[in-house]
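Letter by letter, the chains look like this.
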Amino acid sequence: MSDLVYQLIEQEEKRQLEKIGLIPSENHMSPQVTGVLASCLSSKYSEGYPGKRYYEGNQIIDQLENLAIDRAKTLFGVPFANVQAYSGSPANSAIQFALLEPGDALMGMSLGGGGHLTHGHPKVTFSGTHYRSIQYELGENARIDFDRVLALAEQHQPKMIIAGTTSYPFTLDFSRFREVADAVGAWLVADTSHITGLIIGGEHPSPVPYADVIMTTTHKTLRGPRGAIILVTERGLERDPKLGGRIDKAIIPGLQGGPHNATTAGIAVALEEAAQPGFRQYAHQMRRNADTLAATLCAEGLKLVGGGTENHLMVVDLMPYGVGSGTQVAYAMDVAGMYANRNTIPDEPGSPFYPSGLRLGTPMVTTRGMKETEMAQIGRWIAQVVEHVKDEILPEDPKQRTAFVKAFKAQADQDPFLLSMRDDVKALATQFPLFQA
Ligand SMILES: *Cc1c(COP(=O)(O)O)cnc(C)c1O
């Protein structure tokens, strides 16, 4: 264990143990999933699909991939699954490649509203330049306004509508998305990457009755390895009986080569874990923890985008502390031992790099076994950090910002208040394993 790589892995494990992770898109895998990832499965090439490989020696890999596919179909209650996409972004590209022609209209939520880059973010992304991208924004009270979504769809006639979010704290009404898709004859793709664990655990309505295609990453609330699953529903197959085959072909030969077999096995293990009764408790606790964290932050005087949460995440609106103040708050929190990410708020006056919000989620802390008591403590700590840095205002002049942030970070690294809080955070965090069985 002398290679620097092993030392760095040890340091990362210590960091994860001693700090409190509040990034809603991250999670801690079970030792079983972790173990499968470090297996000999990574040494095997298996381009193609079970029974139709381009390489010999896939007798066992075929069984493994079929197991992952069967478990995905059973758990979600759908007739088709592809488990080979390397991650969520390539999976979304595959769905678009399968169902759209270049130049077709694609409709998704704007990044600022809480959508993902792969949902048609203009100018810089594949989805936003290869297709004619139409982006819907949030309406009143930071909620999706379906009248506006419908009006936009009727105006631009998208061939695909994506319903999915990365920082939207409220329940997604897939039935309303279906109405919009039906009104213009569009495919409805549900990207449930963030909320899949809640859906399986019965804490969020399922898109299965409404969507044609569903994409989920496997490493967020689902708690598996980094990867993705693409599902086709009965409804999707009714519209096009060849839909599954089109998805498979878009993955390989369309976009990818050999699948990552260790990941496939990790997905199979994670799906089995998610099918256990304990996973329902996990999803339920994740929701209760989010409610407690949100209530504590509000009681401490912080403002939440849309006023609260209905899922595993929330966005703190830091505009009262100046445009772009997510930058200072997220950094100071990390010094104090709690890592989250700065995030845009609806109608962000700053920029994605200097945004005015803070995104917080409970998937990781819940996996570690933390409950309401710990959430209330964490909420009070976060409020104290905000209070501590609130007079450090990000300069309006973009040219002055880099120097300001550099000086702010150097000062925060030595700040006695934050460093003393880090000791308290560590004392709490180390009472909990990374994965509470
Ligand atoms: C995380 C996420 C993705 C992308 O997943 P990667 O694995 O990071 O490529 C796509 N869509 C949504 C809604 C996500 O939350």
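Structure's up top.
A brief look at the structure comes next.

Rules used in this analysis
Every chain is numbered on its own, with residues counted from 1 as its sequence reads. The model is predicted, so local features are restricted to residues of pLDDT at least 70 and side-chain atom pairs to those at 80 or more, both for listing and for counting; the totals for chains, interfaces and linings are taken over all residues. With hydrogens and water excluded, all non-hydrogen atoms of the structure serve as input to the side-chain values. What we call a nonpolar core is a set of buried Ala, Val, Leu, Ile, Met, Phe, Trp, Tyr and Cys residues that are connected through their side-chain atoms within 4.5 Å. Relative accessibility decides the category of a residue: with a 1.4 Å probe and only protein chains considered, values under 20% of the type maximum give buried, values over 50% give exposed, and everything between is partly exposed. Only DSSP runs of H or I reaching four residues or more are called helices, and only runs of E reaching two or more are called strands; each is numbered from the N terminus. Each domain's extent is set by a domain assignment, obtained either automatically or from a database. Two residues qualify as a contact provided that any one of their heavy atoms is within 4.5 Å of a heavy atom in the partner residue. The term salt bridge refers to a pairing of a side-chain nitrogen on Lys or Arg with a carboxyl oxygen on Asp or Glu at a separation within 4 Å. We treat two strands as partners when DSSP finds at least two bridges between them.

1. Describing the nonpolar core
Phase 1: Counting 52 residues, the largest nonpolar core has Ile144, Ile161, Phe177, Ile229 and Leu231 as its most contacted members.
Phase 2: Looking at this core, the element that brings in the most residues is helix α7 (residues 174-184), giving 5 residues.
Phase 3: Of the domains in this structure, domain 1 (31-274) and domain 2 (280-429) are the two that each give at least three residues to this core.
Phase 4: Once you skip the residues sitting within four places of it in the chain, Ile229 turns out to touch Ala72, Ala81, Asn82, Val83, Ile214, Met215, Thr216, Thr218, Ile267 and Leu271.
Phase 5: Counting residues in each nonpolar core, the second largest holds 44 residues, with Val335, Val365, Met370 and Leu418 among its members.

2. Some points on the pattern of salt bridges
Phase 1: Within this structure, the stated rule accounts for 17 salt bridges.
Phase 2: Between Arg176 and Glu179 there is a salt bridge, and its shortest N-O distance comes to 3.6 Å. Highlighted residues: Arg176 and Glu179, both in helix α7, separated by 3 residues, approximately one helical turn.
Phase 3: Look at Arg176 and you get partly exposed, because its relative accessible area is 30%.

3. With respect to the pairing of strand β15 (residues 357-361)
Phase 1: For β15, the tally of buried residues reaches 5 of 5 residues, placing the bulk of the element in the interior.
Phase 2: Taken together, the 5 bridges between strand β12 (residues 313-317) and β15 define a ladder with antiparallel strand orientation. Bridge assignment links Val315 to a residue of β15, and that residue is Arg359.
Phase 3: Judged from the 3 bridges that link them, strand β14 (residues 341-343) and β15 form a sheet pairing that is antiparallel. Looking at β15, one finds that Asn341 is bridged to Arg359.

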